[in-house]
Amino acid sequence: MDKININLPQNGYDVFVGNKILKQLHKKIKTSNLHSNLFVVVDSNVYKLYSSDIDGIITSHKGKINILIIEVNEKLKSFNTMQKIYKSLLENDYSRDTLLIAIGGGIIGDICGFVAATFSRGIQYIQVPTTLLSTVDSSVGGKTGINFGNTKNIIGAFNQPNFVLIDIDFIQTLNTEELLSGLGEVVKYAFLTNKDFYKYVVKNISKVFEKNPRVLKRIINESVKFKGDVVVSDEKETGNRKILNLGHTFAHAFEVETKYKLKHGQAVIVGIASALFLSFKLGYITEAKLLKLLELIYLFKNEISFGIINKENAISVMQRDKKNRDGKIKFVLLKDIGNIIIDVEASRNEIIYALEKGIGVFK
Ligand SMILES: NC(=O)c1ccc[n+]([C@@H]2O[C@H](COP(=O)([O-])OP(=O)(O)OC[C@H]3O[C@@H](n4cnc5c(N)ncnc54)[C@H](O)[C@@H]3O)[C@@H](O)[C@H]2O)c1
């Protein structure tokens, strides 16, 4: 089992990565000196697939334990679902000395992290991510929250977990669409980190689709280490952490404008393509470099199809992005792999050029 420490000064924690490590959960709770009153929240799809492993955790625990199985999707990433969790916690007499365990993808992790931040003014929690996206990205870094109205993740808190346990075997049951969703973030890390990892991702994309455990482990380790370092440098996203939004400003507009037919991971890949074209247009990279960097994007040409979108609407969506200030769209662009620039502004024409060119890759 690998251990990556997220070295935050006040609230640092470990991320454990390995195969078949779910059964070591109790041991890790004990060695981390966490509370023994456990409340487990599990994604219903995950429970269907892994009920015997999860029941094993419940029956082998010596102290108090309850399990709540909940259905999740973006619509249910809401106050209603939080209320269900609060209600069950209270009905079962849990108070501040509780350890909440979130088993599921990014939605379960984000909701439970926010419940843990708010129930009884804050309880301990751990993340057991089960999707590629949640293993490489959302389970680490402490961004928690829910959607409200039509706005994603607008209500929430920064709340770091007490540890994260990544059992890579969960990924074996993901369908191609969910795998692709996680791959969007993997592509992002390939551009953010360094040339070695970028080359590794280019070379091994087909093995990720085959769910090769060795390749998945390396990709998860590299992404978590990188994200951990960024979070340590800027926990509350006042500066450097913004680099993690590479491609996401465009991606959000693509998701909204395709009425979410384009899934998040696919939208991130098209969004990174647009960010590369904008980096070129603004003179941060040469045409030769642009073509070289598009090589990873082109590997997804057959996985993503894109119709026509209204570019003016797309720009309006980008303007409403909660990460902007004064209605000005701020982009994360790059000068090279691992050389990222934040808060870049662009003219309307330059943005339209980047939108058209990014989408054009997938026509
Ligand atoms: N907190 C952060 O820093 C952060 C970062 C990125 C994304 N997010 C959030 O993460 C969410 C997306 O996360 P996600 O992609 O994991 O989605 P998700 O939690 O909806 O899971 C995707 C689907 O896969 C199913 N599933 C989960 N594990 C499975 C498994 N092992 N086998 C088979 N099916 C499984 C789920 O039931 C669900 O239907 C979004 O709400 C997004 O806002 C948060």
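Being a predicted model, the structure only gives us computed values, none of them experimental. (Residues numbered from 1 in each chain as written. Predicted model: local features only at pLDDT ≥ 70, side-chain atom pairs only at ≥ 80, totals over all residues. Heavy atoms only, no water.)

Engineer: How should the site of the ligand be read in this particular structure?
Structural biologist: Close to the ligand lie 23 residues, the nearest being Asp 43, Asn 45, Glu 74, Thr 130 and Thr 131. At 2.7 Å, a side-chain N or O of Asp 43 approaches an oxygen atom of the ligand. Lys 227 places a side-chain nitrogen or oxygen 3.5 Å from an oxygen atom of the ligand. When isolated, the ligand has an accessible area of 880 Å², and the protein chains bury 86% of it. Secondary structure elements with two or more residues in the shell around the ligand: helix H2 (44-60), helix H4 (106-118), helix H5 (132-138) and strand E8 (151-158). If you tally residues by element for the shell around the ligand, the top one is H2, at four residues. Here the residues of the shell around the ligand sort into seven nonpolar, eight polar and eight charged. (Near = heavy atom within 4 Å. Polar contact = N/O pair within 3.5 Å; in protein donor to acceptor, adjacent residues only side chain to side chain. Areas by Shrake-Rupley, 256 points an atom, 1.4 Å probe, with all protein chains shown as cover. Helix = DSSP H or I, 4+ residues; strand = E, 2+ residues; numbered from the N terminus. Nonpolar A, V, L, I, M, F, W, Y, C, P; charged D, E, K, R; others polar.)

Engineer: Honestly, the packing of aromatic side chains in this entry has me stumped. Any pointers?
Structural biologist: Each pair of aromatic rings is reported with the distance of its centres and the angle of its planes. Inspection of the entire model under this criterion finds eleven aromatic pairs. Seen from their ring centres, Phe 250 and Phe 254 are 6.5 Å apart, and the 20° between their planes marks the pair as stacked. With Phe 250 and Phe 254 both in helix H9 (residues 248-257), this residue pair falls four residues apart, about one helical turn. Of the two residues, Phe 250 and Phe 254, neither departs from the other in class, the shared state being buried. Ring centres of Phe 277 and Tyr 353 lie 6.4 Å apart, and the angle between their planes is 80°; on these two criteria the pair is classed as edge-to-face. With Phe 277 in helix H10 (residues 264-281) and Tyr 353 in helix H13 (residues 348-360), the pair connects residues that are 76 residues apart, well separated along the chain. One exposure class covers both Phe 277 and Tyr 353, and it is buried. Above the face of the Phe 16 ring, Lys 28 is positioned so that its terminal group lies 4.4 Å from the ring centre. (Phe/Tyr/Trp six-rings, centres within 6.5 Å; stacked < 30°, edge-to-face > 60°. Buried < 20%, exposed > 50% of the residue type's maximum accessible area, 1.4 Å probe, protein only. Lys NZ or Arg CZ within 6 Å of the ring centre and 35° of its normal.)

Engineer: Help me understand the pairing of strand E5 (residues 98-104), please; the structure alone is not making it clear to me.
Structural biologist: E5 sits mainly inside the fold: seven of its seven residues count as buried. What you see with E5 is no split at all: Thr 98, Leu 100, Ala 102 and Gly 104 on one side and Leu 99, Ile 101 and Ile 103 on the other are buried throughout. Bridging between strand E3 (residues 37-43) and E5 involves six bridges; their strand directions are parallel. Across the sheet, residue Asn 37 finds its bridge partner in E5, namely Thr 98. (Pairing = 2+ DSSP bridges.)

Engineer: Would you mind going over the packing of helix H6 (residues 176-192) against helix H8 (residues 213-233) with me for this structure?
Structural biologist: Packed helix pairs are specified by the crossing angle of their axes together with the interaxial distance, meaning the distance between the axes. Put simply, H6 and H8 touch, their axes get as near as 10 Å, and they point 60° apart. Classified by chirality, the crossing of H8 by H6 is left-handed. Seen from H6, the contacting residues are Val 186, Tyr 189 and Leu 192; seen from H8, they are Ile 219, Ser 223, Phe 226 and Lys 227. The residue inventory of the contact of H6 with H8, partitioned by class, reads five nonpolar, one polar and one charged. (Axes fitted to C-alpha atoms, helices over the stretch in contact; angles between N-to-C directions. Left-handed = near helix turned anticlockwise from the far one by under 90°. Contact = heavy atoms within 4.5 Å.)

Engineer: Just to check I follow, could you spell out the domain arrangement of the chain for this structure?
Structural biologist: Many structure descriptions define interface size as the accessible area lost when the parts assemble. Partitioning the chain into structural domains gives domain 1 (2-173) and domain 2 (176-360). Computed from C-alpha coordinates alone, the two centres of domain 1 and domain 2 are separated by 27 Å. The partner domain 2 presents 29 residues to the 29 residues of domain 1 that form the contact. A per-residue breakdown of the area domain 1 buries against domain 2 is headed by Leu 132, Val 136 and Phe 158, which together make up 23% of the total. Here domain 1 and domain 2 share four salt bridges between them. Asp 137 serves as the salt-bridge partner of Lys 188, at 3.2 Å between the closest nitrogen and oxygen. Those elements giving two or more residues to the side of domain 1 that touches domain 2 turn out to be strand E1 (2-6), strand E2 (13-18), H5 and E8. Residue contributions to the side of domain 1 that touches domain 2 peak at six residues, all from H5. (Domains from an automatic or database assignment. Buried area = accessible area lost by both parts, 1.4 Å probe. Salt bridge = Lys/Arg side-chain N within 4 Å of Asp/Glu carboxyl O.)

Engineer: Mind showing me how you'd approach the environment of Gly 122 here?
Structural biologist: Examined against the element boundaries, Gly 122 turns out to sit in the loop between H4 and strand E6 (124-129). On the basis of relative accessible area, Gly 122 is assigned to the partly exposed category, the value being 26%. Distance from Gly 122 to Asp 97, taken between C-alpha atoms, is 9.5 Å for residues 25 residues apart in sequence. Those residues in contact with Gly 122 that lie beyond four places of it in its chain are Arg 96, Ala 116 and Ala 117.

Engineer: Help me understand the pattern of salt bridges, please; the structure alone is not making it clear to me.
Structural biologist: Between side chains of opposite charge, a pair can form when the charged atoms approach closely. For the structure shown, the criterion picks out 18 salt bridges. The partner of Glu 91 in a salt bridge is Lys 87, with the nearest N and O atoms 3.3 Å apart. Pair noted here: Glu 91 and Lys 87 are both in helix H3 (residues 79-91), with a separation of four residues, about one helical turn. Accessibility classification places Glu 91 together with Lys 87 in one group, the exposed group. Connected through salt bridges with shared partners, the residues Asp 137, Glu 185, Lys 188 and Lys 227 form a single ionic network.

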